[in-house]
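# A closer look at the structure
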Amino acid sequence: MARKKKVRYAVVGLGHFAQVAVLPAFANAKRCELTALVSDDPAKLDELSRQYGVEIRASYDDFDPFLASGQVDAVYLVLPNHLHRDYTVRAARAGVHVLCEKPMAVTEEDCREMIRATDEANVKLMIAYRLHLEEANLKTVEVVTSGQIGEPRIFNSLFSMNVTDEDNIRLDREKGGGTLYDIGVYCINAARYLFRDEPIEVSAFSANNGEPRFREVDEMTTCILRFPGERLASFTCSFGAADVSSYQVVGTRGDVRLDPAYEYRGKLKQHLTIEGKTKSKTFNRRDQIAAELTYFSDCILKGKEPEPNGREGLADVRVVRALYRSAETRQPVELEPFEKRRRPQPEQEIERPAPWTRPEPVHAEGPRGNS
C-alpha cells in the first residue's frame, strides 16, 4: 500500500447519511477514490452510479465475491448497527480495510470479534468518530487539558431530535436502534475524550410517552457516569424532542460550552468563560466526512494505527450496554477497568472544505421524515 497514491473504497449501504454526507465527501477527500457501491436497491445503484461516475456495483448477496475480486482496498460501512460485525469480519477475511460507522456494533462481543478479525487479517479498522478530527471539538479538548478552566469536574450534554418516521431504523430494536446507540454514543464519547478517562460506574433512567413510534425503543434516556477522581458526567438524549446538540465542561476556574457540538452540517460555536468573563468563537462549516476519509486513507497508505480504532468503539458500546442494564434494573452498574491509551489530540485536526450542495436522496428518508 505504501507504493499506492490512493485507496480505493466501496461504500456499503446507501441510506440517507451515506447519500447526503458520505458519497459527496469523496470529492473533498485526499488520497482516496470512490470505486464501488454496494446495495440491494437497483434504483439507488443506477442513479448514484451515474451521479458519481462509479462503474463497479454489487448487491449484498455478491459481497464476498466482490471483495475477493481485488477491486477495492477498503470499505466504508454505512449499514444498520446489527450488521457491522458480519460485514467487518467478511471484509477482513478478504484482506480489505474497514471504516465502520458508529456505534461500532450492538454488543461488546461483536466489537471484540471485529477487533480480532481485523487484527488476524492485518487490516486497519477505524470507527467513524468524525469529531476526533474536527476543529471545534479538538479546540475544546485543548481548553480542558491545558488547565484554562481549572480542574474539570462536571460534564453535561443534551442531544435530541424528533424522529417522526415510524419506519426509521433508529426505532427498530432488532437492528440496534435506541437513543443511546444512535446519539447517546456522541455524549459518552465526548465525556470520555474531554475527561481523558473511562467511567467506572453508570446509572440511567429511560422514559417513554407511549407514542406508537416508541413501541420498541426508549423515547429518551438520562444518564450519569462516574469517572475516576470523583468527576461526574450527565447527559440526556431523545428521539422525541426539538433539535438540540450541546455539551459543557465545568472546571474549578471556569467552563467551556459547545453549542451546537455534534452536528456535521453547520457551524459550531464555543463559549469559554473564565472567572466570569466569556469569549465566544464560531467555527465555520467543514466537510467532516472528507476529513475522516483522508485520515483513514493516510493510515492505510502509511501503515499507521488509526486513533479511533476498534478499542475506541468498544469503549463506548460497553458503556451503552451498562446504561441500558441500569435503566432496566433501576440500579447503578459498575464497570470493569478498561485501558485506553490513545485519545483525540489537537494535531489530528484535518480541514476539508464543506460541500456546496446537499444531494437529494434516492429512496432514503432522514430521521425527521423527509428532512
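In this report, we go over the structure that sits alongside the text. (Residues numbered from 1 in each chain as written. Predicted model: local features only at pLDDT ≥ 70, side-chain atom pairs only at ≥ 80, totals over all residues. Heavy atoms only, no water.)

## Re the packing of aromatic side chains
- The full count for this structure, using the stated rule, is eleven aromatic pairs.
- Here the aromatic rings of F159 and Y186 are separated by 5.5 Å at their centres, their planes lie at 80 degrees, and the arrangement is edge-to-face. With F159 in strand β7 (residues 152-162) and Y186 in helix α7 (residues 179-195), this pair connects stretches of sequence that are 27 residues apart. In this pair, the class of F159 matches that of Y186, namely buried.
- Measuring from ring centre to ring centre gives 5.8 Å for Y247 and Y262, while their planes differ by 50 degrees; the resulting arrangement is tilted. With Y247 in strand β11 (residues 240-251) and Y262 in the loop between β12 (254-258) and β13 (268-274), the pair connects residues that are 15 residues apart, well separated along the chain.
- Judged by relative accessible area, which is 1%, Y247 ranks as buried.
- Among the aromatic residues, those joined into a cluster by ring pairs are F155, F159, Y186, Y247 and Y262.
- Its end group placed over the ring of F195, R231 keeps NZ or CZ at 4.9 Å from the ring centre.
- The side chain of R311 reaches across the aromatic face of F338, ending 4.2 Å from its centre. (Phe/Tyr/Trp six-rings, centres within 6.5 Å; stacked < 30°, edge-to-face > 60°. Helix = DSSP H or I, 4+ residues; strand = E, 2+ residues; numbered from the N terminus. Buried < 20%, exposed > 50% of the residue type's maximum accessible area, 1.4 Å probe, protein only. Lys NZ or Arg CZ within 6 Å of the ring centre and 35° of its normal.)

## Digging into unusual backbone geometry
- The linkage connecting K102 with the following residue, P103, adopts the cis geometry, with an omega of -5 degrees.
- The topology assignment puts P103 in the loop between β5 (97-100) and α5 (108-121).
- A cis amide bond links D259 with the next residue in sequence, P260, at an omega value of 0 degrees.
- Mapped onto the fold, P260 is located in the loop between β12 and β13.
- Although it is not a glycine, E230 adopts a positive phi angle of roughly 55 degrees.
- Topologically, E230 is positioned in the loop between β9 (220-227) and β10 (231-238).
- In this structure, H363 is a non-glycine residue whose phi angle is positive, near 55 degrees.
- Along the chain, H363 turns up in the segment after β15 (333-334).

## Some words on the side chain of Q19
- Residue position: Q19 is located in helix α1 (residues 16-25).
- Exposure remark for Q19: the relative accessible area of 2% places this residue in the buried category.
- In this view, Q19 contacts L14, P24, K44, L48, Y52, P359, E360, P361, V362 and A364; residues no more than four positions away in its chain are not counted. (Contact = heavy atoms within 4.5 Å.)

## A word on the sheet that holds strand β1 (residues 7-12)
- Strand order in the open sheet formed by six strands is β3-β2-β1-β4-β5-β6, and the pairing between neighbours is parallel. On the outer flanks of this sheet lie β3 (56-58) and β6 (125-127), each paired with one strand and no other. Strand-to-strand twist across the sheet, computed as the mean angle between neighbouring axes with direction ignored, equals 25 degrees.
- Direction of pairing for strand β4 (residues 74-77) relative to β5: parallel, over a ladder of four bridges. Across the sheet, the residue bridging to V75 is V98, located in β5.
- Packing against the sheet, α1 makes contact with β1, β2 (32-38) and β4, and its axis sits at approximately 165 degrees to β1. (Pairing = 2+ DSSP bridges. Axes fitted to C-alpha atoms, helices over the stretch in contact; angles between N-to-C directions.)

## Examining the pairing of β2
- Within β2, six of the seven residues are buried, leaving the element largely enclosed by the surrounding structure.
- The pairing of β1 with β2 spans six bridges and is classified as parallel. When the bridges of β2 are listed, V12 appears paired with V38.
- Following the backbone out of β1, through α1 and into the adjacent parallel β2, one traces a crossover that is right-handed.
- For the handedness criterion, the β-α-β arrangement of β2, helix α2 (residues 42-52) and β3 is classed as right-handed. (Right-handed = clockwise from strand over helix to strand, strands pointing away.)

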